[in-house]
Amino acid sequence: MQAWITDFMEQFGYFGIFLMLAFENIFPPIPSEVILPFGGFMTTTTSLTILGVIIAATAGSLLGAVILYYIGRLLDVSRLEKLVERWGGLIRVTKKDIHKADAWFDKYGYWTVLFCRMVPLVRSLISIPAGMSGMKFGVFMIFTTIGTLGWNLLLVLIGAALGESWEDIAMYMDVYSNVVYVLIAGGLVILGFLYFRKRSRRMNTEG
């Protein structure tokens, strides 16, 4: 995949970077950890500039984020409630659980969107719950832009500084990504355990 990405970017320049980052947000397996450092490297061998690469990358990221945000709006809380009514019993999820999650995102969602923009995989998917929670679009865009711009700026500058050794950062980012995935998986296991233990205690008490 890396060779295809770099070939596409070399062929289409800024437009290629824009499209790659838009696709990366919608299809997370496309790695920004390759796109951005290589974009930085291209500023040392082509007519592309660091500012131009950052603008193209950020515009592409925002387009992808907006698409996922509106997908989230289609999957709003009321639609989730209908799904829970039909299938919630199978996974032990209730309407109350949905409303708790929605209330949590209403309270902490802005900062979650900001910081998750620097977390692999989650940085793309976070736009969906933002849309589902009904987060104000303008505020969503502000926090998304800040987080995305920081991530893009960092990796593009590193790629430009490393030059032909730009792939070194991709190797380190793989390690970072793997650590993050392990932490996310561990967190989900712990949350699942706590959730089911709480429900079990509640059912025993009611019984």
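Residues numbered from 1 in each chain as written. Predicted model: local features only at pLDDT ≥ 70, side-chain atom pairs only at ≥ 80, totals over all residues. Heavy atoms only, no water.

**Q** Honestly, the overall build of the protein in this entry has me stumped. Any pointers?
**A** Per the secondary structure count, the protein includes nine helices and zero strands. Expressed as a percentage of the 207 residues in the protein, the buried residues total 42%. In the structure as shown, the protein presents an accessible area of about 11700 Å², 70% of it carried by carbon and sulfur atoms. (Helix = DSSP H or I, 4+ residues; strand = E, 2+ residues; numbered from the N terminus. Buried < 20%, exposed > 50% of the residue type's maximum accessible area, 1.4 Å probe, protein only. Areas by Shrake-Rupley, 256 points an atom, 1.4 Å probe, with all protein chains shown as cover.)

**Q** Would you mind going over helix 2 (residues 32-42) with me for this structure?
**A** With eleven of eleven residues buried, helix 2 is to be regarded as a mostly interior element. For helix 2, the full list of buried residues reads S32, E33, V34, I35, L36, P37, F38, G39, G40, F41 and M42.

**Q** Explanation requested: the packing of helix 2 against helix 8 (residues 137-162) in the structure shown.
**A** When two helices pack together, you describe them by how their axes are tilted relative to each other and by the distance separating the axes. Running from N to C, helix 2 and helix 8 cross one another at 50 degrees; their axes reach a closest spacing of 6 Å. Regarding the angle of helix 2 to helix 8, the classification is oblique. Like other packed secondary-structure pairs, helix 2 and helix 8 cross with a definite hand, here right-handed. Every residue of helix 8 that contacts helix 2 at S32, E33, L36, P37, G40 and F41 is listed here: W151, N152, L155, V156, G159 and A160. (Axes fitted to C-alpha atoms, helices over the stretch in contact; angles between N-to-C directions. Parallel < 35°, antiparallel > 145°, perpendicular 65-115°, else oblique. Left-handed = near helix turned anticlockwise from the far one by under 90°. Contact = heavy atoms within 4.5 Å.)

**Q** I would appreciate a short explanation of the packing of aromatic side chains in the present structure.
**A** For any pair of aromatic rings, the description consists of the separation of the ring centres together with the inter-plane angle of the planes. Across all of its chains, the model carries nine aromatic pairs by this definition. For the pair F137 and F140, a centre-to-centre distance of 6.4 Å together with 35 degrees between the ring planes defines the contact as tilted. Here F140 and F137 lie together in helix 8, a separation of three residues that amounts to about one turn. Connected via pairs of aromatic rings, a cluster forms that spans Y69, Y70, F137 and F140. (Phe/Tyr/Trp six-rings, centres within 6.5 Å; stacked < 30°, edge-to-face > 60°.)

**Q** What exactly am I supposed to notice about the side chain of T144 here?
**A** As for its position among the elements, T144 is in helix 8. According to the relative accessible area criterion, T144 is buried, its value standing at 0%. Excluding its chain neighbours within four sequence positions, the residues that come into contact with T144 are L62, A65, V113 and R117.

**Q** I would appreciate a short explanation of the packing of helix 3 (residues 50-74) against helix 8 in the present structure.
**A** It is at 9 Å that the axes of helix 3 and helix 8 come closest, and there the two elements cross at 140 degrees. By the criterion of interaxial angle, the relationship of helix 3 to helix 8 is oblique. Crossing of helix 3 over helix 8 shows right-handed handedness. Of the residues in helix 8, those touching helix 3 at I50, V53, I54, A57, T58, S61, L62, A65, V66, Y69 and Y70 are F137, F140, M141, T144, T145, T148, L149, N152, L153, V156, L157 and A160. When its residues are assigned to classes, the contact of helix 3 with helix 8 shows 17 nonpolar, six polar and no charged. (Nonpolar A, V, L, I, M, F, W, Y, C, P; charged D, E, K, R; others polar.)

**Q** Can you walk me through the nonpolar core in this structure?
**A** If you look at soluble globular proteins, the nonpolar side chains tend to sit buried side by side. By size, the foremost hydrophobic cluster in this structure holds 24 residues, and its most contacted members are I5, M9, I17, I35 and L36. Elements represented by at least two residues in this core include exactly helix 1 (2-26), helix 2, helix 3 and helix 8. For this core, the leading source of residues is helix 1, giving seven residues. In terms of nonpolar packing, the next biggest core, distinct from the first, is built from 13 residues, A65, V66, Y69 and C116 among them. (Core = buried A, V, L, I, M, F, W, Y, C linked by side-chain atoms within 4.5 Å.)

**Q** I keep staring at the confidence of the model for the protein and nothing clicks. Help me out?
**A** Close inspection of predicted coordinates is inappropriate in any region flagged by low pLDDT. With 64% of its residues at a pLDDT of 70 or more, the protein shows a mean pLDDT of 77. The spread of mean pLDDT over the elements of the protein runs between helix 4 (residues 77-91), the lowest at 58, and helix 3, the highest at 91. (pLDDT = per-residue confidence, 0-100.)

**Q** Please explain the environment of I158 as it appears in this structure.
**A** With respect to the secondary-structure elements, I158 resides in helix 8. By relative accessible area, I158 is classed as partly exposed at 26%. Between the C-alpha atom of I158 and that of F41, which follows or precedes it by 117 residues, the distance is 8.5 Å.

**Q** Teacher, can you tell me more about a nonpolar patch on the surface here?
**A** On the surface, I26, F27, L63, I67, I71, L74 and L75 cluster together into a nonpolar patch covering about 590 Å² of accessible area. Along the polypeptide, L74 turns up in helix 3. Owing to a relative accessible area of 55%, L74 belongs among the exposed residues under this scheme. (Patch = residues over 30% accessible without salt bridge, like charges linked within 9 Å, V, L, I, M, F, W, Y side chains within 5 Å. Salt bridge = Lys/Arg side-chain N within 4 Å of Asp/Glu carboxyl O.)

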